[in-house]
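Spelled out from the first residue to the last, the chains are:
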Amino acid sequence: MNASIKPIAFNTIQQHVLERQRRLHPEATGEFNWLLGGITLATKVISDQVRRAGLVDVLGTTGETNVQGEVVQKLDVIANETIAASLGYRDNVGIMVSEEDDEPRILKELDAKAKYIVLFDPLDGSSNIDVNVSIGTIFSVLQRREGIEAGRVMDHILQPGYQQVAAGYVIYSSSTVMAYTTGDGVHMFTLDPAIGVYRLHRENITMPPMGRTYSVNEAYFAQFPKGIREYLKWTKTEEAGGYGQRYIGSLVADFHRTLLKGGVFLYPPTRKAPKGKLRLLYEANPLAFIAEQAGGAATDGTQRILDKIPAALHERTPLVIGSKAEVDRVLSFWQS
Ligand code: P6P
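Residues numbered from 1 in each chain as written. Predicted model: local features only at pLDDT ≥ 70, side-chain atom pairs only at ≥ 80, totals over all residues. Heavy atoms only, no water.

## What to know about the sheet that holds strand β3 (residues 93–98)
Across a sheet, paired strands are connected by hydrogen bonds in the backbone, their directions being either parallel or antiparallel.
Right, so step 1: On the basis of which strands lie adjacent, the open sheet formed by 8 strands has the order β4-β3-β5-β6-β7-β8-β9-β10 and mixed pairing. In this open sheet, the two edge strands, each paired with only one partner strand, are β4 (105–106) and β10 (197–202). (Pairing = 2+ DSSP bridges. Helix = DSSP H or I, 4+ residues; strand = E, 2+ residues; numbered from the N terminus.)

## Structural notes on the packing of aromatic side chains
The geometry of two aromatic rings is summed up by the distance between their centres and the angle between their planes.
Right, so step 1: This structure, assessed with the given rule, holds 8 aromatic pairs.
Right, so step 2: By the ring-pair criterion, three or more aromatic residues cluster together here, those being Y231, W234, Y243 and F333.
Right, so step 3: A cation over a ring is seen here: R90 above W34, with NZ or CZ 3.9 Å from the ring centre. (Phe/Tyr/Trp six-rings, centres within 6.5 Å; stacked < 30°, edge-to-face > 60°. Lys NZ or Arg CZ within 6 Å of the ring centre and 35° of its normal.)

## A few points about unusual backbone geometry
Right, so step 1: Here the phi dihedral of N132 falls at roughly 65°; this positive angle occurs in a residue that is not glycine.
Right, so step 2: If you trace the backbone, N132 turns up in the loop between β5 (116–124) and β6 (135–143).
Right, so step 3: Phi is positive for N204, which is not a glycine, with a value near 50°.
Right, so step 4: In this fold, N204 is placed in the loop between β10 and β11 (213–215).

## Digging into the sheet that holds strand β15 (residues 297–299)
Right, so step 1: The strand order across the open sheet formed by 5 strands is β12-β11-β13-β17-β15, and the pairing between neighbours is mixed. A strand with exactly one partner marks an edge of an open sheet, and here the two such strands are β12 (244–245) and β15.
Right, so step 2: Pairing analysis gives 2 bridges linking β11 to strand β13 (residues 264–267), with the strands arranged parallel. Within β13, the position partnered with Y214 by the bridge is V264.
Right, so step 3: Sheet strands touched by helix α6 (residues 251–261): β11, β13 and β17 (319–322). Its angle to β13, the strand with the most contacts, is close to 150°. (Contact = heavy atoms within 4.5 Å. Axes fitted to C-alpha atoms, helices over the stretch in contact; angles between N-to-C directions.)

## A look at the domain arrangement of the chain
Right, so step 1: The domains assigned to the chain are domain 1 (13–202) and domain 2 (213–334).
Right, so step 2: Using only C-alpha atoms to locate each centre, domain 1 and domain 2 end up separated by 23 Å.
Right, so step 3: On the side of domain 2, 33 residues touch domain 1, which itself brings 49 residues to the contact.
Right, so step 4: Carbon and sulfur atoms make up 67% of the surface buried where domain 1 meets domain 2, a total of about 2,900 Å² over both sides.
Right, so step 5: When the buried area of domain 1 at its contact with domain 2 is split by residue, I138, L158 and Y169 rank highest and sum to 19% of it. (Domains from an automatic or database assignment. Buried area = accessible area lost by both parts, 1.4 Å probe.)

## Some points on the nonpolar core
Right, so step 1: Residues F32, L35, L87, L123 and F139 are the most contacted members of the largest nonpolar core, which totals 33 residues.
Right, so step 2: Examining the composition of this core, we find that 7 residues originate from one element, helix α2 (residues 31–51), more than from any other.
Right, so step 3: Those residues in contact with L87, other than ones at most four positions away along the chain, are L35, G38, I39, V93, M96, V118 and F120.
Right, so step 4: By size, the runner-up hydrophobic cluster in this structure holds 31 residues, among which are A167, L259, F265 and L287. (Core = buried A, V, L, I, M, F, W, Y, C linked by side-chain atoms within 4.5 Å. Buried < 20%, exposed > 50% of the residue type's maximum accessible area, 1.4 Å probe, protein only.)

## Notes on the packing of α6 against helix α7 (residues 280–293)
Right, so step 1: One way to put it is that α6 packs onto α7 with a least axis distance of 11 Å and a crossing angle of 15°. As judged from the angle between their axes, α6 and α7 are roughly parallel. Crossing of α6 over α7 shows right-handed handedness. Across from L251, F255 and L259 in α6, the residues of α7 making contact are E283, L287, I290 and A291. (Parallel < 35°, antiparallel > 145°, perpendicular 65-115°, else oblique. Left-handed = near helix turned anticlockwise from the far one by under 90°.)

This is the structure we're talking about:
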């Protein structure tokens, strides 16, 4: 072969997982990779629909409201059914939980091969779709628990976040980017639209330890707990040294910026959402796993997000997530 001709070298998600498994987990069976392939395939379809939303009849609402009491966007349903269908072909997925579904989808409760539970928000921030703001998919992967009696599906699902075996998100923005962790660091891939492949572009990402950017919807300022109001007032003082405020109103976009640039994202309790607005199982837990794997932190104001014992499928939680020093600073005000 002509030595001057170099093959187009790139590292796909599947290759990346395999290479790391060979080095770090030689006992791995390749099953996780098969599952992850179901997620990446579905997000490529979603990315295509999101990019052409104005051209195909997917904008607007279905006229229904979901279990969250939120108006369902057409793309919510498309994303939800695409992920469910794609994962449904993976025989190692036993249970699926979606923000859009009232109840879990039980594919194979008793089949020991179907050891994975996938929990996802198929299209977070979907109210932003019609105005072309970045939106995202968030996913969390658990394994079924041993010794659970048949029928006790919720016992497999309601596990604390530290039990996750993987977590990730896809942001549909100027480009489509996927970040994932299996507990061995955070790795980021960009979807190459020319060949429909996610290509590695950053490995072992670390969140900047500090960051003078806070991300919160300050319209609710008067409703926040006193300590949060004190923190937000402090950021505007000379002593704070000059903070910036960024709020996109799309969790995946606000988190993606925080992961890469540092700072802190807050969704504290409000009168309308006294337990917080964001969901524990398929929003806070996966992003907290990623944040901690990147050296950051995530809390509900009283405890580490990953230590919370879920009590309900669509349970909500307050969320403060980002650079460790910034999260600690928020806590110092909130708990004072
Ligand atoms: P608010 C989008 O609806 C979402 O679930 C998250 O993506 C986002 O962080 C949050 O709600 C925005 O909520 O109350 O500021 O509009």
